[in-house]
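# Survey of secondary and tertiary structure
One-letter residues, chain by chain:
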Amino acid sequence: MPKQLNHTDRSKDIPPRTMPKSIVWFLHKKFLRFDRTQPFISITALLAFLGIGVGVMVLIVAMAIMNGMSKEFEKRLFVMSYPLTIFALNQQGIRDDLIQELEGRFSHMRFSPYLYTQAVARINGSMEAAMLFGVDAHKEALINPVFAKAFANKDERDYFMQERFSIVVGEPISNAHFLTLGDKITLFFTQLEPTGLVLSPIMKRFMLVGSFSSGISSYDSAYMYANIQALGAIKNLPQGLYDGVHIYSPKPMEDKQNLRQYLDSKGLTHIGIEGWWERNSNLFAAMNLEKNVLFIVLMLIILMASFNIISSLLMVVMNRRKEIALLLSLGASRQEVQKIFFAIGASIGLGGIVFGVLLSGVVLWVLDTFPIVSLPADVYGISKLPLDLDMLDFIATLVGAIIIICLSSYYPAKKASKIDILSVLRNE
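Quick caveat, the model's predicted, so the values are computed rather than measured.

### Points about the packing of helix α13 (residues 281-319) against helix α14 (residues 321-329)
Each pair of packed helices can be summarised by the angle the axes make with each other and by the distance between the axes. Contact geometry of α13 with α14 gives a least axis separation of 5 Å together with a crossing angle of 70 degrees. It follows that α13 is roughly perpendicular to α14 by the angle criterion. Here α13 contributes V317, M318 and N319 to the contact with α14, which in turn contributes R321, E323 and I324. Class assignment for the residues of the contact of α13 with α14 results in 3 nonpolar, 1 polar and 2 charged.

### What to know about unusual backbone geometry
The backbone phi angle of F178 is positive, close to 55 degrees, even though this residue is not glycine. Along the chain, F178 falls in the loop between α8 (171-176) and β6 (184-192). Residue classification places F178 among the exposed residues on the basis of a relative accessible area of 72%. Residue N236 is not a glycine yet carries a positive backbone phi of 60 degrees. For N236, the location among the structural elements is in the loop between α10 (228-234) and β9 (241-242). Under the relative-accessibility criterion, N236 is labelled exposed at 52%.

### Some words on a nonpolar patch on the surface
A contiguous nonpolar surface patch, about 500 Å² in accessible area, is contributed by M391, I395, V399, I403 and L407. Within the secondary structure, L407 sits in helix α17 (residues 391-417). According to the relative accessible area criterion, L407 is exposed, its value standing at 62%.

### Some points on α17
The first and last C-alpha atoms of α17 sit 39 Å apart over 27 residues, in line with the 39 Å expected at 1.5 Å per residue. Near the N-terminus of α17, the side chain that reaches the backbone nitrogen of L392, with its oxygen 3.2 Å away, is that of D390.

### Digging into the packing of aromatic side chains
Counting across every chain of the model gives 14 aromatic pairs. Between Y116 and F133, the ring centres sit 5.2 Å apart and the planes meet at 45 degrees, which makes this aromatic pair tilted. Of the two residues, Y116 sits in strand β3 (residues 110-123) while F133 sits in strand β4 (residues 126-135), which places them 17 residues apart along the sequence. When its relative accessible area of 27% is taken as the criterion, Y116 is described as partly exposed. Measuring from ring centre to ring centre gives 5.4 Å for F165 and F206, while their planes differ by 70 degrees; the resulting arrangement is edge-to-face. Taken together, the residues F165 in the loop between α7 (154-162) and β5 (166-170) and F206 in strand β7 (residues 199-212) connect sequence positions 41 residues apart. Using a relative accessible area of 23% as the deciding quantity, one classes F165 as partly exposed.

### Let's talk about the pattern of salt bridges
Tallied over the full model, the rule gives 6 salt bridges. Of the charged contacts, one joins D158 and K154 as a salt bridge, the two residues approaching to 3.3 Å between their closest N and O atoms. In this pair, D158 and K154 are both assigned in helix α7, 4 residues apart and thus about one turn of the helix distant. Across the pair R260 and D264 runs a salt bridge, and its minimum N-O distance is 3.2 Å. Of this pair, R260 and D264 both sit in helix α11 (residues 252-265), 4 residues apart, which is roughly one turn of the helix. Residue classification places R260 among the partly exposed residues on the basis of a relative accessible area of 25%. Classification of D264 by relative accessible area gives partly exposed; the value is 40%.

Criteria and thresholds
Residues numbered from 1 in each chain as written. Predicted model: local features only at pLDDT ≥ 70, side-chain atom pairs only at ≥ 80, totals over all residues. Heavy atoms only, no water. Axes fitted to C-alpha atoms, helices over the stretch in contact; angles between N-to-C directions. Helix = DSSP H or I, 4+ residues; strand = E, 2+ residues; numbered from the N terminus. Parallel < 35°, antiparallel > 145°, perpendicular 65-115°, else oblique. Contact = heavy atoms within 4.5 Å. Nonpolar A, V, L, I, M, F, W, Y, C, P; charged D, E, K, R; others polar. Buried < 20%, exposed > 50% of the residue type's maximum accessible area, 1.4 Å probe, protein only. Patch = residues over 30% accessible without salt bridge, like charges linked within 9 Å, V, L, I, M, F, W, Y side chains within 5 Å. Areas by Shrake-Rupley, 256 points an atom, 1.4 Å probe, with all protein chains shown as cover. Salt bridge = Lys/Arg side-chain N within 4 Å of Asp/Glu carboxyl O. Expected span 1.5 Å × (residues − 1). Polar contact = N/O pair within 3.5 Å; in protein donor to acceptor, adjacent residues only side chain to side chain. Phe/Tyr/Trp six-rings, centres within 6.5 Å; stacked < 30°, edge-to-face > 60°.

What follows is the structure, encoded as structure tokens:
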């Protein structure tokens, strides 16, 4: 008798039947094509495509505007707050020999010593509160471009240093009181008497030699700069003793640690160091929180648009039940059917992302080229809408949109692969 074949063993030698990849992509294109018999399905897919595109565009443009505004405020606060500031925590002050040591030790940084006091300015019969800084005009101009623009050239800075009681004020004050160069401004200071019980006023007249504008009215209306020698005489300080030092550093966060270590090694624990980010930490924390919340809220637009992908694919699955059952009966695996419908949803979503990126590029170019949105300069310090798209935000937008699209395409594709072949072929 011939040897009986073992069917179990033969089945192991026969490779599973799979559809050619060309047929998978053919069916993907066929199901994605506009169906005249069921136009609502194609319209739903088109709405999903447009919704995702518009959502991506809105998110990218909003992030570019938020970054632009944040960096614009950061740039202005960076100028007026200085990258780093060292200051004395007691009455010992900071001596000139220490500044010379720091200049030799940290040659990549620039140092501008200052004295500070509060005063009341009497200008044309009205009173203005003032935060008065005594500075060296040449050193301050190297680290503060706002102060440097108050002078036309080096000769004017020399005159500021030679004219002992000279002063520079903000343009809002100068314009409000119709001041011109050479006008006199009277400043009132308070001085504690030796008894420690009485504050006596001191009055000094300063000559206006320039005005500055930082673009932030709160600074321009309060800050004034005077000759450092004059302010030292008013405060009865010996020459070469300062309240603090403004410092320019290209890497302030790293240099702050280096300065702290150097000062501690010298035993100068009475000197504190403050970075510009610490002085305005609450503002930037609020702006970052606003940006993160805006990102999440606008991502919901893409999420809502993805619901159209789900509904469109489910309608395609219901409309193509017979074709799916035939494919499965002819040998197609459920994974291949799932792959077909997943590819349909991914094509709609990824096409929408590409469309949104292109549309956002056009919108950003239009906003940057034409004055469609204008800002009040007296409030924001700028009249043009600042735009700055950060690459990290751009990548986060794309990754978030792709994840939402993949999740939206997975459920209908999984539903298509779970169709009961016998039930569909028997009833339909």
